[in-house]
Amino acid sequence: MHMKIQSSLRQKITFGYYGYYAMAALIIGLSLFTFMELRLIEGKIHSGTRITEFFDVTLEIRRFEKNYFLYRQLADYWENVGYIEKAQSLLDKHGNDFESLTSHKNITNLRSNLVNYRLLLEQYSQHALLSPPQLEQLEARIRNIGRAITIEGEHIANSERLMLQKSLDRARTFFFGYLALIALVMIAIGMTLSKMVVRPLRHMETCINGLTGGRLEKLKIDSNEHEIISITHAFNHMIEELEKRQQCITRSEKLASMGTLLSGVAHELNNPISNISSSCQILQEELGHADIVFQKEMLEQIDNQTDRARIIVRSLLDFARDREFKHSDIALDKLVAETIRFSKGMIPPNVTLTSDIPENLMITADCQRLQQALLNLLQNCLDALGGKGKIHIMAEKRFITANDKNDITFHGRCEAHIEVVDLEIRDNGTGIADDVLPRIFDPFFTTKDVGQGSGLGLSIVHDIIEQHHGCIAVSSASGGGATFTIRLPVQISTLQPN
Ligand code: ADP
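- Under the annotation held in an unreviewed UniProt entry, the protein carries the name histidine kinase and is attributed to Sulfurirhabdus autotrophica.
- You can read under Catalytic activity (unreviewed entry) in the UniProt record for the protein the words "ATP + protein L-histidine = ADP + protein N-phospho-L-histidine."
- Note on the protein: under the UniProt heading Subcellular location (unreviewed entry), the record states "Membrane".

As structure tokens, then:
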């Protein structure tokens, strides 16, 4: 059986900590190394000072040698001897430093050269006793040994400079190499942690943020972590519950609109029923007296009024029924007229509701759902009017091109290059504040008091319009009033509902 080795989130976070401990150890290592290197270089600089001093002393020896040969002054002789002694003392004290830069043999030579040099110089100091050719010969020997001493001094000084340079180069390479290693370890730990922990958490965060925008999307499990899997399950369970609750609230919203519809329907049914009743009364009174044509007319009227009552009842039943999206060709003026007729019960006496829909403006739509959307919008207009004002519904057919620029922002799925109907519902109520405007289609967003609004009305309208491949926009005049524009494609027969 294939077994996945799963480690817990806690283990991974612990792993992250270990990673950072390792990093801290690396950084401490780097600091220690840098400190040691600095100490080493410091030591080398010290010994370098002595070596430079030695080289300078050899140069002084040569300078006084030259002066002594030129002017034969005793002071120059003693200066020279003093420098020879200084060079010897430097060699004696720091022999090891010198030997590390050249060979032991060279240092022994240097020592014997210094001793010889001094002896020859002493001989030269007796110049009064020497013949000119002897003096010349002695001068040449002293110069040769002096040159050899200076050359060796210079060689040692150069080696020392070279070694210092090498130490610096090595320290620099090591330092940058170490830094690169730390960076690599950091990137590796960061990427591993991000892959294992942060990315799935960030994915969850995005989905949870989406929730506040009304998107009830389930999370995909794309992690092996126990904790993330169980959080994802819990989250998806919550989404399912939310979906169920939202459906319940949507249903109760619908029931609420049905309640308002009922008073309109009762009013509507009243007419055919009273017509039927009066026709029946006349028939009863005239039974046996009236001629057969009149009686037939009365019966036809009863039949027609019964049909009318049946249509009204069917519309109400249609509205109440939960069923799949079903589109058919609808005359928009008739649909709006029927909605207005049904909603008469909810219109207060000081509110005028007018409409201006061109005749025979046909669209393909789900009659019941569109009616529900209109009712929700009407209800909001009435709430905004507070018992007094005007509502006007109008529509026009348009052809949308890709270059069309809208003054208002449409939400939904509008496409270009299609024939559409713009259905406008306008009121002169309170209007919508600028900070409220961007949020009004969010589910559960309401500015109404608790119990007055569920915040689902416009969200349902938005969904219904999207199901029709349409879109909706809202604008609010600064002096008050709001206008909702529903844009619906004239034909959606080739398109599938959502
Ligand atoms: P509800 O009506 O339950 O508050 P809706 O989703 O229908 O929920 O509306 C959301 C909010 O949009 C309302 O609370 C209101 O503030 C604002 N609104 C909607 N229609 C209008 C309108 N015609 N005039 C003023 N404000 C409106």
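**Some points on the pattern of salt bridges**
For step 1, the next point in the chain: Summed over all chains, the structure comprises 20 salt bridges.
For step 2, the next point in the chain: Between Glu-37 and Arg-170 there is a salt bridge, with its nearest N and O atoms 3.2 Å apart. Here the residue Glu-37 occupies a position in helix α1 (residues 9-71), and Arg-170 occupies one in helix α5 (residues 132-212), the gap between them amounting to 133 residues.
For step 3, the next point in the chain: A relative accessible area of 10% places Glu-37 in the buried class.
For step 4, the next point in the chain: With relative accessibility at 47%, the residue Arg-170 sits in the partly exposed group.
For step 5, the next point in the chain: As a salt-bridge pair, Arg-63 and Glu-60 come within 2.9 Å of each other at their nearest N and O atoms. One end of the pair, Arg-63, and the other, Glu-60, are both in helix α1, three residues apart, so they sit about a helical turn from each other.
For step 6, the next point in the chain: Judged by relative accessible area, Arg-63 falls into the partly exposed class, the value being 43%.

**So, the sheet that holds strand β7 (residues 471-476)**
For step 1, the next point in the chain: The six strands lie next to each other as β2-β4-β6-β8-β7-β5, forming an open sheet whose pairing is mixed. Edge strands, defined here as strands with exactly one partner in the open sheet, are β2 (351-356) and β5 (410-412). The mean angle between the axes of side-by-side strands here comes to 20°, regardless of whether they run parallel or antiparallel.
For step 2, the next point in the chain: Alignment of strand β4 (residues 389-400) against strand β6 (residues 418-427), held across 10 bridges, turns out to be antiparallel.

**Concerning the site of the ligand**
For step 1, the next point in the chain: Of all residues adjacent to the ligand, which total 19 residues, the nearest are Asn-380, Thr-446, Thr-447, Lys-448 and Leu-458.
For step 2, the next point in the chain: One nitrogen or oxygen atom from the side chain of Asn-380 is found 2.8 Å from an oxygen atom belonging to the ligand.
For step 3, the next point in the chain: Within the side chain of Asp-427, a nitrogen or oxygen atom sits 2.9 Å from a nitrogen atom of the ligand.
For step 4, the next point in the chain: Relative to its unbound accessible area of 540 Å², the ligand is 94% covered by the protein chains.
For step 5, the next point in the chain: Of all the elements in the fold, those that place two or more residues in the shell around the ligand are α9 (367-385), α10 (457-467) and β8 (482-489).
For step 6, the next point in the chain: With three residues, α9 is the single largest residue contributor to the shell around the ligand.
For step 7, the next point in the chain: Grouping the constituent residues of the shell around the ligand by class yields nine nonpolar, eight polar and two charged.

**Quick word on unusual backbone geometry**
For step 1, the next point in the chain: In this structure, Arg-72 takes a positive phi of about 50° despite not being glycine.
For step 2, the next point in the chain: Along the chain, Arg-72 falls in the loop between α1 and α2 (74-93).
For step 3, the next point in the chain: The backbone of His-469 sits at a positive phi, close to 60°, despite the residue not being glycine.
For step 4, the next point in the chain: The exposure class of His-469 is buried, given its relative accessible area of 7%.

Rules used throughout
- Here the residue index of a chain counts from 1 through its sequence in written order.
- Predicted model: local features are reported for residues with pLDDT of at least 70 only, side-chain atom pairs are reported and counted for 80 or more only, and whole-chain, interface and lining totals are derived from all residues.
- Only heavy atoms go into the side-chain values, all of them from the structure, while hydrogens and water stay out.
- UniProt positions are given in the numbering used here, feature names are shortened, and annotations may be inferred rather than shown by experiment.
- Throughout this description, the term salt bridge denotes a Lys or Arg side-chain nitrogen within 4 Å of a carboxyl oxygen of Asp or Glu.
- Numbering of helices and strands starts at the N terminus; helices are DSSP runs of H or I of at least 4 residues and strands are runs of E of at least 2.
- For the exposure calls, accessible area comes from a 1.4 Å probe over protein chains only, and a residue counts as buried if that area is under 20% of its type's maximum, exposed if over 50%, partly exposed in between.
- Whether two strands pair depends on DSSP finding at least two bridges between them.
- For every element, the axis is a line fit to its C-alpha atoms; helices are fit only across the contacting stretch, and the angle between N-to-C directions ranges from 0 to 180 degrees.
- If a single non-hydrogen atom of a residue is within 4 Å of a molecule or strand, that residue counts as near it.
- Two N or O atoms count as a polar contact when they lie within 3.5 Å, although within protein this holds only if one can serve as hydrogen donor and the other as acceptor, and sequence-adjacent residues are included solely when both atoms are side-chain atoms.
- In this description, accessible areas are obtained by the Shrake-Rupley approach with a 1.4 Å probe, and a residue is regarded as covered only by the protein chains that are shown.
- Think of it as three bins: nonpolar holds Ala, Val, Leu, Ile, Met, Phe, Trp, Tyr, Cys and Pro, charged holds Asp, Glu, Lys and Arg, and polar takes everything else, Gly as well.

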